[in-house]
Amino acid sequence: MITYSSFFSRVAENQQGSAIRKMGVMALRDPDLISFAPGYPDPATFAWEAFREISADVLGSRDSTTLQYGPTRGLPNLIDAIVHIAADRGIKTTSENVMVTTGSQQGLDLLGRILVDPGDVVLVELPAYTGALAAFRNAGAALVGVRQEEDGIDMDDLDAVVERERLAGRRVKFLYVVPNFQNPTGLLISQAKRRRLLEWAGQRNVLIVEDDPYGSLYFEDSATVAETRPIKADDTEGRVVYLSSFSKTLAPGFRVAWVIAGEPLIAKLDVTKQTQDLFTGALDQRIVFEAWKRGVLERQVVKLRGHYQQKRDVMERSLAAGLGDLVTWPEPRGGFFLWVALPRHVSADDLLPRAIEHKVIYVAGSAFFVDGSGRSLMRLSFSLPPIPRIEEGIRRLTELVKEEVSRHPESVGT
Ligand SMILES: Cc1ncc(COP(=O)(O)O)c(C=O)c1O
């Protein structure tokens, strides 16, 4: 066999695979393993019957757009639907400002390509979504972390970091945030802070990349709707690039998501996307469009809110019963994740191999931090396993953490 290392590009050489995706594969291989690792939606909730009918209709119609090459920016019908969906979230936009992407992951990757030169600074929260970190890192970004508070990013730290980076001669391109039910923490950035962020970005001339796949999956009453209003809704100068996706609401297998941004940015994204995939799968786009038009999406999000709230409740109750005196977490009011702080001396990284032996997995917190911190944190995703498996998985985790703490009793209460 030949040795390939001399052939790899620098980007390929430096690539880091996603720990979360590896664990997803592991969970598929061993059915007894209970996985709180990947943020997968629950397939029991998928609108199977509606998708079956829609697929039969769109293929039955022999409308060529369903199987033909299509525009890179997306099918015009779907773009118009996205303009409406955005309006429901308070974002006034036009079809010229929208582009369909093959998952939001592609949107993040494209943004890295059009905005980042090697060495440019991208500001990220401590912690931040690993898929975004990987995309920006691949573009050569210097990822610089900003501390988080319970109501979102720490504004003082943010400003100090920008000041420091600029003094060091680096260009700060954008701040990446997930204001609604953040992956991994489940936190919401407060509305007051969102307004301050927008103002701050204007003063400092930094773009904001707002990634919002979970905003419609809130658990409580309509009061939360106002709290999920995107930063983009108050953006009057095109400073915010907004991404969202149908992955968590309809199904991730469709790979249909979107970006809303200023026209010059959309034009660059369009050309860059052309070399990646020419356009997002037309059949996927057609099905997603019909699902929106026939009210499937609207009914689905209502169902999902109740479904995931129940799962969150079960996970919280099980954790409180098993480890209530040892661990803490901020209550997520939407989304898929519980962000659990272990006793300070317990490392989630070190615990993971033993967790696998106990047939339960999670994502160690350190994966989400660009500054090497987060060792005593873990992300538990409650979205995928059925309720009895959540209970059993937390029972296994409880046993494991208690065992670990009994080895290091000094860590308790710190
Ligand atoms: C914050 C965040 N952004 C983007 C994505 C990627 O979503 P998509 O399936 O649309 O590529 C995810 C998926 O977990 C996510 O949590």
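See the structure printed just above.
Residues numbered from 1 in each chain as written. Predicted model: local features only at pLDDT ≥ 70, side-chain atom pairs only at ≥ 80, totals over all residues.

## Looking at the overall build of the chain
Thought 1: A tally of helices and strands in the chain yields 14 helices and 14 strands.
Thought 2: Expected size for 414 residues packed as a compact globule is a radius of gyration near 22 Å; at 22 Å, the chain falls within 12% of this value.
Thought 3: The principal-axis extents of the C-alpha atoms in the chain amount to approximately 65 × 60 × 55 Å.
Thought 4: Classification of the 414 residues of the chain by burial places 46% in the buried group.
Thought 5: The long-range share in the chain, meaning contacts at least 24 apart out of those at least 6 apart in sequence, stands at 75%. (Helix = DSSP H or I, 4+ residues; strand = E, 2+ residues; numbered from the N terminus. Rg over C-alpha atoms; globule rule 2.2 N^0.38 Å. Buried ≥ 20, exposed ≤ 12 C-beta atoms within 10 Å, placed from the backbone. Contact = placed C-beta atoms within 7 Å.)

## Considerations on the sheet that holds strand β4 (residues 142-146)
Thought 1: Sheet architecture is open: seven strands sit in the order β2-β10-β9-β8-β7-β3-β4, paired in mixed fashion. Every other strand in the sheet has two partners, leaving β2 (98-101) and β4 as the edge strands with one partner each. Strand-to-strand, the axes of this sheet are offset by a mean angle of 20 degrees, without reference to chain direction.
Thought 2: When strand β3 (residues 121-125) meets strand β7 (residues 172-177), the two strands line up parallel, connected through four bridges. Paired with leucine 123 across the bridge in β7 is leucine 175. (Pairing = 2+ DSSP bridges. Axes fitted to C-alpha atoms, helices over the stretch in contact; angles between N-to-C directions.)

## Observations regarding unusual backbone geometry
Thought 1: For the bond running from leucine 126 to proline 127, omega is 10 degrees, close enough to zero to count as cis.
Thought 2: In this fold, proline 127 is placed in the loop between β3 and α6 (130-138).
Thought 3: Residue proline 184 is bonded to the preceding asparagine 183 through a cis peptide linkage, with omega at 20 degrees.
Thought 4: Within the fold, proline 184 resides in the loop between β7 and α8 (191-204).
Thought 5: One non-glycine residue with positive phi stands out, namely arginine 255, at about 55 degrees.
Thought 6: Within the secondary structure, arginine 255 sits in the loop between β9 (240-245) and β10 (257-260).
Thought 7: One non-glycine residue, lysine 359, lies in the positive phi region at around 65 degrees.
Thought 8: On the secondary structure map, lysine 359 appears in the loop between α13 (348-357) and β12 (360-361).

## Comments concerning the sheet that holds strand β14 (residues 377-381)
Thought 1: With antiparallel pairing, three strands are arranged side by side in an open sheet as β11-β14-β13. The sheet is open, and its two edges are formed by β11 (337-341) and β13 (363-364), each paired on a single side.
Thought 2: Bridge count between β11 and β14: five bridges; the pairing is antiparallel. If you follow valine 340 over to β14, its bridge partner there is methionine 378.

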